[in-house]
Amino acid sequence: MQAAVRTGTALPVLALTVNAFIWGVSWWPFRQFQALGMHPLWTTAAVYALVLAALTAWQRGVWAGLARTPSPWLLVLASGTTNAAFNWGVTVGDVVRVVLLFYLMPLWALLLARLILGERLTPMAALRMVLALAGAAVVLWPAGGGWPWPRNLPEALGVLGGFTFALNNVWLRREAHRSDAERATAMFLGGTLVSAVVAGSLTWHGAVAVPPLPSAGTALALLALSTAFIGANLGLQYGAARLRANVTAVVMLTEIVFAAVSAAALGAGTLDARLLLGGSLIVAAALLSVWQPGAAGH
């Protein structure tokens, strides 16, 4: 029986781990595109436009669901803001700090689920909130004293991305009656539109350079990154459909490990005692959010 369980969960866990790996190291290709003169917002818009084109060609009827009702458009906005904020933050800031602040997401999900879905707050939920806030305070506390607020753009983008990712997940539960293709279309459309609109506005005001015309090599690299994100999305859908939600969430936390190790190895992030302490509190809060006492094995 145990062997059957291990066999049945190995592939879904592997699929989720691949998803976490792609997102955990995605900061590196975005920095390479930035070195070529492409702001991460323009890169995000280009990559997601390619994904959206592939999705439309595969499921030609997916746009009908978006046209019938306005409710998926909040998903467009939330998902688009999540991707724009995360990709921008890890490209220009300390990757480890941005990813840890992004993973305050369970705290925001708790509050948004109460507000949008009417879920009640429990003593365990209060403990998670305390742990997450304590971890954020440790990560954000200035060395010279002062209040633990985001002190620069990347930190603010990490917090914003985590909040909108929580909104994205809560709204996905509200829109659970829709097909996977419709929800994926809304999310990739958001990644394209929000990034393009913000990038266009910043470019118009001179804060961001006009992206150069891509060479053949750059175009192939954009296509490769789009393919990787498609693979990550497929891995998430395959794994999440075959594992309990709490198992899925725990496996997805490996994104923090992939991001931290790759950033520390390549000089894009730091790992000191304070960051490790704050990160441990944030991860503990995330783990408690998916812990189910007495839950049976899969």
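These lines cover the structure that appears in this document, whether it is placed above or below. The shown structure was predicted, so the numbers you read here are calculated from the model rather than taken from an experiment. (Residues numbered from 1 in each chain as written. Predicted model: local features only at pLDDT ≥ 70, side-chain atom pairs only at ≥ 80, totals over all residues. Heavy atoms only, no water.)

### Here we look at helix H13 (residues 254–265)
Move 1: Over its 12 residues, H13 runs 17 Å from end to end, which matches the ideal 16 Å to within 8%, given 1.5 Å per residue.
Move 2: Burial in H13 covers these residues: Glu255, Ile256, Ala259, Ala260, Ser262 and Ala263. (Helix = DSSP H or I, 4+ residues; strand = E, 2+ residues; numbered from the N terminus. Expected span 1.5 Å × (residues − 1). Buried < 20%, exposed > 50% of the residue type's maximum accessible area, 1.4 Å probe, protein only.)

### A word on the environment of Phe229
Move 1: Assignment of secondary structure puts Phe229 in helix H11 (residues 216–240).
Move 2: Accessibility expressed as a relative area gives 3% for Phe229, which makes it buried.
Move 3: Discounting chain neighbours no more than four positions away, the residues touching Phe229 are Ile22, Trp23, Ser26, Phe30, Val47 and Tyr48. (Contact = heavy atoms within 4.5 Å.)

### Some thoughts on the packing of aromatic side chains
Move 1: Inspection of every chain in the model, using the stated rule, returns 10 aromatic pairs.
Move 2: Judged by centre distance (5.7 Å) and plane angle (75°), the ring pair of Phe102 and Tyr103 falls under edge-to-face. An identical accessibility class is assigned to Phe102 and Tyr103; each is buried.
Move 3: Pairing Trp108 with Phe163 gives two aromatic rings, centres 5.9 Å apart and planes at 70°, and the pair type is edge-to-face. Linking Trp108 in helix H7 (residues 105–117) with Phe163 in helix H9 (residues 153–174), this pair joins segments that are 55 residues apart in sequence.
Move 4: When its relative accessible area of 35% is taken as the criterion, Phe163 is described as partly exposed.
Move 5: Here the aromatic cluster, defined as three or more aromatic residues joined through ring pairs, consists of Trp23, Phe30, Tyr48, Phe86, Phe102, Tyr103, Phe165, Phe188 and Phe229. (Phe/Tyr/Trp six-rings, centres within 6.5 Å; stacked < 30°, edge-to-face > 60°.)

### Considerations on the side chain of Ser79
Move 1: Residue placement: Ser79 occurs in helix H5 (residues 72–92).
Move 2: The residues contacting Ser79, other than those within four sequence positions of it, are Asn168 and Met187.

### Considerations on the environment of Phe258
Move 1: The residue Phe258 is located in helix H13 in this model.
Move 2: Here the alpha-carbon distance between Phe258 and Ile22, two residues 236 residues apart in the chain, equals 8.7 Å.
Move 3: Discounting residues that sit within four places of it in the chain, Phe258 has contacts with Thr17, Ala20, Phe21, Gly24 and Val25.

Geometry only, nothing functional implied.
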